[in-house]
Amino acid sequence: MTNNTRKRCVVVMYDTLCRHFLPSYGNEWVKAPNFQRLAERSVQFQNFYVGSMPCMPARREMHTGRYNFLHRSWGPLEPFDDSMPSILDRNDVHSHKVTDHHHYWEDGGATYHQRYTTFDLVRGQEGDKWIGDVQALRDRSPSMGRWPEQQMLRFQTQDNINRTHMDRAELQSQHKTFSLGLEFIERNRDADRWFLQIETFDPHEPFFTQPEFQALYPHEYDGPPFDWPPYREVREDEQTVAHIRYMYAALLTFCDLQLGRVLDAFDQYDLWSDTMLIVNTDHGFLMGEHDWWAKVVTPFFQEIAHIPFWAWDPREPECRNITRNSLAQTIDLAPTILDYFDVPAPPDMQGRPLRARMVADEPAREAALYGVMGAQVNVTDGRWVYMRSHTTDDNGPLFEYTLMPTHMRTMFSPRELQDWERSDGFSFTKNCKIMKIPTRTPGVLLSVENPIGQGRRATLLFDVEADPGQTNPLDDIDIEARMIRLMLREMARNDCPIEQYERLGLPVPRRTGDGHGDDVIELPTDAEIRAACVLGTPDGERAREHGAEGRPNMPFGPIGWEGESVLAGPNFPDNLRLRPGYSFGKAATTS
């Protein structure tokens, strides 16, 4: 162990960093030498999972150290939330954030960055309301001829406008973000007790890079400009799917280059001797696997939920170039960083410091819970993955619990707020009375006549050791019952709203005391748990048959986006390449 008493910490956070595209996790064709270099200087976690999904719920976990998806969808930090950077600041650790993640200055994320001592914000990512070009936004000319169908929305047109002001790599938001982070390191390399979060929106879609990065991945593609996969099943042909993967790889290589700049600074100033380094992401992404694009509208397959993670702790210099198999999650980050600075974690944090797992691979949890508000609740023990869907016809009852009623880009509408009730809150709301707002599930998420609803309604069990691609759903009542026990224990530990058990068709556990230990959770009987198993039912059999795969040949319909007017339908570029059988668009290529 090092005797250096100075302590600093750098977190490098990416959005949508896919594990299966990284060389140190087995990918053989993506060019990412600095991620390999990182693995050789750190501990690489092999069983790191998401928790609350997607972007802002994951960041709320990074602040609070606890799941939030059972109580709330995408939203800001709440007044009752603990915030790790704010706690550091109160304990004489300067917390600084540099980010181009534009969701921080939208309605649904506006309370996060103010928790840091200081911060820098970089404009221009993913439709950020940055460059004001009145005519281009009105006539949508920057989006003409592009794909997918959402390109004609204002949001994606704004992104195309922004790109015209980033025609060199050094002008892209990610490069600027890392430059600001490196400036902070340069300015404060001799100072003690600081925490730096360098957070980029990349490699989140759109997969926008400069030609020199795309040239690293030559491939055949003669379709329209396409680097922004839609949130739906795959309708494009195999050449187009391969094109998207290469576009993502090009952006990942750009990310790798920026990571290398941070590793160079660690080498140059010997930050390895006194500075913790964590490199993480919020979730992955589907790029044609299971016949799906994207995330959230799909079940959380491994490509989304099983994420990369690396950590270096200067207190344990022998912990480098090694892997660890113990389960870990995003909720562990806040306790880990507080522990490093000798700051006690508040009692509401459920995560555990990673140090013991880094040193000896000592398990800290038996199971990991994850999901998004109102969809399947998922649990894994590292081998088995169990996805539990709702059993009620309307996916109810379901409520949002909040004092900050905002969505991603909008406030809750007056209609949504007409029937809210006052709730006495939960163990973590610090005696606050909070809003209990009923939520309604859209019909598309309930209907088995489309792949999104069919996937959302599927309860599935996988052995991800034997079947990492999750192509063979299982029916085993003994394993299902065991996974339900694990799920119920983690839900109870999170002080889950009682109506979630009704929504999921699960018996209700009982908390007998305060804290997060198993000893304060009383589970239902074995008979009650087995009675809740559904894999052997007709619904379970139908779910195994389709496996929640995306169903091709769905028609194109109206196009919507949060806060925008609905478009009647897509404009099909003349050189669009769709799967065989599509007849949508007079000139669309279907071969």
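Residues numbered from 1 in each chain as written. Predicted model: local features only at pLDDT ≥ 70, side-chain atom pairs only at ≥ 80, totals over all residues. Heavy atoms only, no water.

1. Here's the deal with the packing of helix α6 (residues 173-188) against helix α8 (residues 238-268)
Across the interface, α6 lies against α8 with an axial gap of 10 Å and an inter-helix angle of 10 degrees. If you check the angle between α6 and α8, you find them roughly parallel. Contacts between α6 and α8 involve Gln174, His175, Phe178, Ser179 and Leu182 from the first element and Leu251, Phe254, Cys255, Gln258, Leu259, Arg261, Val262 and Ala265 from the second. Looking at the contact of α6 with α8, its residues break down into eight nonpolar, four polar and one charged. (Axes fitted to C-alpha atoms, helices over the stretch in contact; angles between N-to-C directions. Helix = DSSP H or I, 4+ residues; strand = E, 2+ residues; numbered from the N terminus. Parallel < 35°, antiparallel > 145°, perpendicular 65-115°, else oblique. Contact = heavy atoms within 4.5 Å. Nonpolar A, V, L, I, M, F, W, Y, C, P; charged D, E, K, R; others polar.)

2. Notes on the nonpolar core
Membership of the largest hydrophobic core comes to 58 residues, with the highest contact counts inside it found for Phe35 and Leu277. Those elements that place two or more of their residues in this core are β1 (8-14), α1 (33-40), α6, β6 (194-199), α8, β7 (275-281), β9 (293-294) and β11 (310-312). The greatest single-element share of this core, amounting to 15 residues, is contributed by α8. What Leu277 contacts, discounting residues up to four positions off in sequence, is Val10, Val12, Leu38, Leu263, Phe266, Trp272, Trp310, Ala311 and Trp312. With 56 residues, the next largest nonpolar core counts Leu333, Ala458, Leu460 and Phe462 among its residues. (Core = buried A, V, L, I, M, F, W, Y, C linked by side-chain atoms within 4.5 Å. Buried < 20%, exposed > 50% of the residue type's maximum accessible area, 1.4 Å probe, protein only.)

3. Some words on the pattern of salt bridges
Should their charged atoms come close, side chains of opposite charge can pair. Taken as a whole, this structure holds 49 salt bridges when the rule is applied. A salt bridge links Arg37 to Asp267, with the shortest nitrogen-to-oxygen separation between them at 2.9 Å. Taken as a pair, Arg37 in helix α1 and Asp267 in helix α8 lie far apart in primary sequence, 230 residues in all. By relative accessible area, Arg37 is classed as partly exposed at 25%. The residue Glu199 makes a salt bridge to Arg59 at a minimum N-O spacing of 2.6 Å. In this pair, Glu199 sits in strand β6 while Arg59 sits in helix α2 (residues 55-64), placing the two residues 140 residues apart along the sequence. By relative accessible area, Arg59 is classed as buried at 1%. Here the residues in one salt-bridge network are Asp15, Arg59, Lys97, Glu199 and Asp282, joined through shared partners. (Salt bridge = Lys/Arg side-chain N within 4 Å of Asp/Glu carboxyl O.)

4. Describing empty space enclosed by the protein
Gaps left between atoms are located by rolling a probe of water-molecule size over the structure's atoms. One pass over the structure, following the stated rule, counts six cavities of 30 Å³ or more. When its volume is computed, the largest cavity comes out at roughly 70 Å³. Around the largest cavity sit Gly124, Gln125, Glu126, Asp159, Arg163, Met166, Gln172, Ser173, Asp202, Pro206 and Phe208, which together line it. Residues that form the lining of the largest cavity fall into these classes: three nonpolar, four polar and four charged. (1 Å grid on protein atoms, 1.4 Å probe; cavity = no way out; pocket = protein on both sides within 12 Å on 5 of 7 lines; lining within 4 Å. Points joined across faces, edges and corners; volume = space filled by probe spheres on them.)

5. Quick look at the layout of surface pockets
By volume, the second largest pocket is sized at about 470 Å³. For the second largest pocket, the lining is made up of 22 residues, of which Lys129, Arg154, Phe155, Arg409 and Glu564 are closest to its centre. Among the elements that take part in the lining of the second largest pocket, helix α5 (residues 154-163) stands out by supplying three residues, more than any other. Its residues assigned to classes, the lining of the second largest pocket comprises six nonpolar, six polar and ten charged.

Everything listed is a geometric property; what it means functionally is a separate question.
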